[in-house]
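Each chain, letter by letter, is given below.
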Amino acid sequence: MSQALMPLYARAQIEVERGEGVWLEARDGRRFLDCVAGIATCSLGHAHPGLVAALTAQAHKLWHVSNIFRIPGQEELAEKLTGATFADLVYFANSGTEAVEAAIKTARRYHFAKGNPERIDVIGFAGSFHGRTYAAINASGNPTYLEGFGPRLPGFHQMSVDDLPALAEAIARPTTAAVIVEPVQGEGGARALSGEFLLELRRLTREHGVLLIHDEVQSGMGRTGKLFAHQWFPGAEPDIMAIAKALGGGFPIGACLTTAEAASGMVTGVHGTTFGGNPLAMAVGLAVFDVIAQDAALAHVGAMSDRFYSGFAALAARYPDQIVETRGKGLLMGLKLHANNREVMALAREHGLLVAGGGENCVRMLPSLLITAEEVDEALSRLDATLADARARGWGQVDAASAVAA
Ligand SMILES: *Cc1c(COP(=O)(O)O)cnc(C)c1O
């Protein structure tokens, strides 16, 4: 492996060469069923013909012009996103963390514009992930992402989703600007927050004039079977939402959606980007949106999710020594394991199955939203083989295994 790359990732030893649908092929010819999908990003699978056509058609016309010009694709995609959500306005960026950054800036700037510059505090939650910029790592509050990067930024506070009284107290403080939450925690281990919690958060933030930011970078764009995860709970709509990943189908894109009111402070010149919303990204984003926003596509996600979860239930019954619990929502699925999740991920690769890691010793499965029933069954059968292999190696919880044997 080249020594010329910063050694920031624990990379799997697969030289990925090409992909088609849910399948990835390595240089050495090995084929893998991909339930990572670029971490919930290749929402229509690999090399989707419609996306290839949209990207190449745009590539022949125009790549990039800068936001000092009107970009028709941005206007069109913004209309579609606002038409399908609570939002009135959209800002396009290149990544999830930039969308989060814009969301936090929008929130602070709102209070500034309203004459309350003391309202700067952003409340985040333990177990959350918002990306790797300074604001995002401070909002996530995961100590391992903060270590060595200088002092923590002022104005960021972490709460627990399980401590509502403390949360209510923090929201009521006169310096609080916003709460940022993933309706389904992704990197934290596919943890779906309850509708009850999300609705209570909405009620409390509204009561105290605090803005609510949903980070739907991972849970959004059809991943849970609704276009956005919060749409499962009418009334839970945020003021600001960060999205990315699936919106680009594998092309870098991010977006910050807001109500007109929440964007009160975002006037000409206060924020911007060179690449964000460039014509190539917009061409792909429009093509992705038009596929995912169909009722039939969202219903398909629900059906495939049901198929996965009934398979998981059967596996959990057969492998209580391996599976602690199954969690998640839609096709943002998690299995909490007894054995080390990194080792199980590597073992799954030997069985031709790619799964992602996650917090709390989970593996996550985040396949293409277009995965077929046959491919779901194939993924479950490869998972079954992986768990059997893990047991044969003596991994997992030994007591449960002997209980099953007895
Ligand atoms: C992936 C992710 C991000 C960061 O997105 P990048 O494109 O890697 O910057 C932010 N929030 C959530 C919920 C994510 O899953």
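Residues numbered from 1 in each chain as written. Predicted model: local features only at pLDDT ≥ 70, side-chain atom pairs only at ≥ 80, totals over all residues. Heavy atoms only, no water.

Chemist: Explain the sheet that holds strand β2 (residues 23–26) to me, please; I cannot follow it from the model alone.
Modeler: Ordered in space as β1-β2-β3-β15, the four strands form an open sheet in which the pairing is mixed. The open sheet has two free edges, formed respectively by β1 (16–20) and β15 (353–354), since each of these has just one partner strand. For strand β3 (residues 31–34) and β15, the ladder comprises two bridges, and the chain directions are parallel. Counterpart to L33 in the pairing with β15 is L353. Docked against the sheet, helix α12 (residues 373–392) engages β2, β3 and β15, running at close to 110 degrees with respect to β3. (Pairing = 2+ DSSP bridges. Helix = DSSP H or I, 4+ residues; strand = E, 2+ residues; numbered from the N terminus. Contact = heavy atoms within 4.5 Å. Axes fitted to C-alpha atoms, helices over the stretch in contact; angles between N-to-C directions.)

Chemist: Looking at this structure, how should I read the packing of aromatic side chains?
Modeler: Each aromatic ring pair is summarised here by two numbers: the centre-to-centre distance and the angle between the ring planes. Counted according to the given criterion, the structure contains four aromatic pairs. Between F129 and Y145 the ring centres are 5.6 Å apart and the planes differ by 70 degrees, which places this aromatic pair in the edge-to-face class. Of this pair, F129 sits in the loop between β5 (121–125) and α5 (134–140) while Y145 is found in helix α6 (residues 143–146), placing the two residues 16 residues apart along the sequence. With centroids separated by 5.7 Å and ring planes inclined at 35 degrees, the aromatic side chains of F308 and F312 adopt a geometry described as tilted. Of this pair, F308 and F312 both sit in helix α10 (residues 295–318), four residues apart, roughly one helical turn. Judged by relative accessible area, which is 0%, F308 ranks as buried. (Phe/Tyr/Trp six-rings, centres within 6.5 Å; stacked < 30°, edge-to-face > 60°. Buried < 20%, exposed > 50% of the residue type's maximum accessible area, 1.4 Å probe, protein only.)

Chemist: Help me out: how do you make sense of the site of the ligand in this one?
Modeler: In the neighbourhood of the ligand, the contacting residues comprise S95, G96, T97, F129, H130, G131, E182, D215, V217, Q218 and K245. For the ligand, an oxygen atom lies 2.7 Å from a polar atom in the side chain of Q218. Taking 380 Å² as the accessible area of the ligand by itself, protein coverage stands at 82%. Of the residues that constitute the shell around the ligand, the class distribution is two nonpolar, six polar and three charged. (Near = heavy atom within 4 Å. Polar contact = N/O pair within 3.5 Å; in protein donor to acceptor, adjacent residues only side chain to side chain. Areas by Shrake-Rupley, 256 points an atom, 1.4 Å probe, with all protein chains shown as cover. Nonpolar A, V, L, I, M, F, W, Y, C, P; charged D, E, K, R; others polar.)

Chemist: Would you mind going over unusual backbone geometry with me for this structure?
Modeler: A negative phi angle is the norm for most residues apart from glycine, just as the trans form is the norm for most peptide bonds. Residue I39 is not a glycine yet carries a positive backbone phi of 60 degrees. By the element assignment, I39 lies in helix α1 (residues 37–40). Since its relative accessible area comes to 30%, I39 is described here as partly exposed.

Chemist: Quick question: what am I supposed to make of the side chain of H111 here?
Modeler: Looking at where H111 falls in the secondary structure, it is placed in helix α4 (residues 96–113). For H111, a relative accessible area of 2% corresponds to the buried category.

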